[in-house]
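Here is what each chain is made of, one letter per residue.
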Amino acid sequence: MERTFHMLLYRAFHAQRNFLRPCLGQIGLEVGQPKLLTYLEKNGPCQQNQLAEYFEVDSAAISRMLNSLEKGGFVTRQANEANRRSNRIELTEKGRRAVSEWQGHCREMEDIMLRGFSEEEKAQFAAFLARAYRNIHDEKEAPSCGI
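To start, this report covers the structure provided alongside it. (Residues numbered from 1 in each chain as written. Predicted model: local features only at pLDDT ≥ 70, side-chain atom pairs only at ≥ 80, totals over all residues. Heavy atoms only, no water.)

## Let's talk about the overall build of the protein
Next, step 1: Counting its secondary structure elements, the protein contains six helices and three strands.
Next, step 2: If you list the helices and strands of the protein from N to C, you get α-α-β-α-α-β-β-α-α.
Next, step 3: When each of the 147 residues of the protein is scored for burial, the buried share is 26%.
Next, step 4: Sequence-distant contacts in the protein: of pairs separated by 6 or more residues, those separated by 24 or more amount to 51%.
Next, step 5: Looking at the protein as shown, the accessible area adds up to about 10600 Å², and 53% of this sits on carbon and sulfur atoms.
Next, step 6: Positive and negative charge centroids in the protein, built from 21 and 20 side chains respectively, lie 4 Å apart. (Helix = DSSP H or I, 4+ residues; strand = E, 2+ residues; numbered from the N terminus. Buried < 20%, exposed > 50% of the residue type's maximum accessible area, 1.4 Å probe, protein only. Contact = heavy atoms within 4.5 Å. Areas by Shrake-Rupley, 256 points an atom, 1.4 Å probe, with all protein chains shown as cover. Lys, Arg positive; Asp, Glu negative; His and termini not counted. Charge placed at Lys NZ, Arg CZ, Asp CG, Glu CD.)

Right under this line is the structure:
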């Protein structure tokens, strides 16, 4: 089995995604949408650009996801009184129920994924992943990719 970190991370992510993907349709969500709902549930109403910045994706991708979430009744968008060009995104009650159900599936997956880990190992693992993310995120230059 491949032992490089990037492959181990990829395989763990892929296994997680495969476990959770069937739950999306059950809840009425599409790929990428649960993270937006979870952010809104945790942080409250926000602007679209806040979501794009937090998830490090372009605003157009967020806009497409929000269009679908709004159409499905999971979020509402209201014009920002201070800046009419931006919208205030807020969870609906249906969105709150979806987040709760999604988080239940995530807890189940995490219980399986971390089976046999002590509480200390779980805390260390979380700290290691957070530090690895910060290391990559804080790197100022993009890789040259051999160019």
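After that view of the structure, there is still more to cover.
## Some words on the pattern of salt bridges
Next, step 1: This structure, assessed with the given rule, holds four salt bridges.
Next, step 2: Two residues, Glu 90 and Arg 88, come together in a salt bridge whose shortest N-O distance is 2.9 Å.
Next, step 3: Exposure remark for Arg 88: the relative accessible area of 33% places this residue in the partly exposed category.
Next, step 4: The closest approach of N and O atoms between Arg 96 and Glu 93, which form a salt bridge, is 3.9 Å. Linking Arg 96 with Glu 93, this pair stays in helix H5 (residues 93-113), spanning three residues, or about one helical turn. (Salt bridge = Lys/Arg side-chain N within 4 Å of Asp/Glu carboxyl O.)

## Focus on the pairing of strand E3 (residues 87-91)
Next, step 1: One ladder, built from two bridges, connects strand E1 (residues 46-47) with E3; its direction is antiparallel. The residue of E3 that forms the bridge with Cys 46 is Ile 89.
Next, step 2: In this structure, strand E2 (residues 75-79) lies alongside E3, joined through five bridges in antiparallel fashion. Each residue of the ladder has a partner; that of Thr 76, found in E3, is Glu 90. (Pairing = 2+ DSSP bridges.)

## What to know about the sheet that holds E1
Next, step 1: One open sheet accounts for three strands, arranged E1-E3-E2; its pairing is antiparallel. At either margin of the open sheet sits one strand with a lone partner, and together these are E1 and E2.
Next, step 2: Lying on the sheet, helix H2 (residues 33-43) is in contact with E1, E2 and E3; it crosses E3 at an angle near 90°. (Axes fitted to C-alpha atoms, helices over the stretch in contact; angles between N-to-C directions.)

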